[in-house]
Amino acid sequence: MEVHLLGLSIATLSTVTHYGLHFTLLSNISLESNSYRVIHHAAFYFGICLSMTLILAALLSSAATVRESQLLTAMGFFCFALAFCGLIPAACWRYTHSTEVEDSMMDVYDLVYEEVRRNASSFRRHELTAIHEAFLCCGKHSPFGDTANVETKTCPSSQVRDVGQDCLQEIRDFLKKHMDFVSTLLGIAIVFTVYGMILTSFLWFSIHFSSNLDRKGKYILRKR
């Protein structure tokens, strides 16, 4: 039951990440160097595949317990092992590239902001306005100066009084909360996959030795 819920939680998180407003705004911006788009799509497909594998593993394990089937138990173990092999690289990538997602999102904002600053009539102004409205922030601290005009035109009315509020910091704070939740879910998933592999291994051996004992206890009486 817990593995079912874990699989559904991962699927929900993947869907929210893929279709959430904050993420889609930055992913859909058409830039030649939008590396965040690649990460955005890869995370969604990985999460969906992982959740389906965990749910399948849980279903096979439940069926194996009811039917006492060695084949279903072995398939359940394989699914847990497959999920584990996917989770370990994902966890390693999360900690070795801890700032890559953050940097790619902020790079997109930087490029859009600077393009609007250089050309106020640019079509990017609508994209910048949408980002400001989504993150409830207003502009950034720019070393080039002359940002008040851009921020006045692209910030939501409720944020105009806070012109100069750093959107990069807002993006960083938002993403940190999200990634902390992802890291927690990854850790829980690793623990449950290890538990699932141990449990299915124990179940397989139990069924195997039980069937051997049943055969040993059967005798055939022959007529003389």
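I will try to describe carefully the structure that is included in this document. (Residues numbered from 1 in each chain as written. Predicted model: local features only at pLDDT ≥ 70, side-chain atom pairs only at ≥ 80, totals over all residues. Heavy atoms only, no water.)

1. Observations concerning the packing of aromatic side chains
Turning to step 1, where the next piece is worked out: The tally for this structure, following the rule as stated, stands at six aromatic pairs.
Turning to step 2, where the next piece is worked out: Taken together, a centroid distance of 5.8 Å and an interplanar angle of 35° make the contact between Tyr109 and Tyr113 tilted. Of this pair, Tyr109 and Tyr113 both sit in helix α5 (residues 100-118), separated by four residues, roughly a single helical turn. Tyr113 matches Tyr109 in its accessibility class, with the two residues each being buried.
Turning to step 3, where the next piece is worked out: Here Phe135 and Phe174 contribute two aromatic rings whose centre-to-centre distance is 5.6 Å and whose plane-to-plane angle is 90°, an arrangement assigned as edge-to-face. In this pair, Phe135 sits in helix α6 (residues 124-135) while Phe174 sits in helix α8 (residues 167-216), placing the two residues 39 residues apart along the sequence.
Turning to step 4, where the next piece is worked out: An aromatic cluster is defined as three or more aromatic residues linked by ring pairs; in this entry it consists of Tyr19, Phe44 and Tyr45.
Turning to step 5, where the next piece is worked out: Positioned over the ring face of Tyr95 is Arg94, at 5.8 Å from the centre of the ring. (Phe/Tyr/Trp six-rings, centres within 6.5 Å; stacked < 30°, edge-to-face > 60°. Helix = DSSP H or I, 4+ residues; strand = E, 2+ residues; numbered from the N terminus. Buried < 20%, exposed > 50% of the residue type's maximum accessible area, 1.4 Å probe, protein only. Lys NZ or Arg CZ within 6 Å of the ring centre and 35° of its normal.)

2. Side note on unusual backbone geometry
Turning to step 1, where the next piece is worked out: In this model, Glu68 sits at a positive phi of 55°, which is unusual for a non-glycine residue.
Turning to step 2, where the next piece is worked out: Summarising the element assignment, Glu68 is placed in the loop between α3 (35-67) and α4 (70-96).
Turning to step 3, where the next piece is worked out: A positive phi angle, close to 50°, is found at Leu136, a residue other than glycine.
Turning to step 4, where the next piece is worked out: Looking at the element boundaries, Leu136 is found in the loop between α6 and α7 (148-154).

3. Structural notes on the pattern of salt bridges
Turning to step 1, where the next piece is worked out: Counting across every chain of the model gives five salt bridges.
Turning to step 2, where the next piece is worked out: One salt bridge in this structure joins Glu102 and Arg172, with 3.2 Å as the shortest N-O distance. With Glu102 in helix α5 and Arg172 in helix α8, the pair connects residues that are 70 residues apart, well separated along the chain.
Turning to step 3, where the next piece is worked out: Looking at Glu102, the relative accessible area reads 19%, which means it is buried.
Turning to step 4, where the next piece is worked out: By relative accessible area, Arg172 is classed as partly exposed at 28%.
Turning to step 5, where the next piece is worked out: For Glu114, the salt bridge is made with Arg117, and the minimal N-O distance between the two is 2.8 Å. Of this pair, Glu114 and Arg117 both sit in helix α5, three residues apart, roughly one helical turn.
Turning to step 6, where the next piece is worked out: Residue classification places Glu114 among the buried positions, given a relative accessible area of 11%.
Turning to step 7, where the next piece is worked out: One connected set of salt bridges, linked through shared partners, spans Glu115, Arg124 and Glu127. (Salt bridge = Lys/Arg side-chain N within 4 Å of Asp/Glu carboxyl O.)

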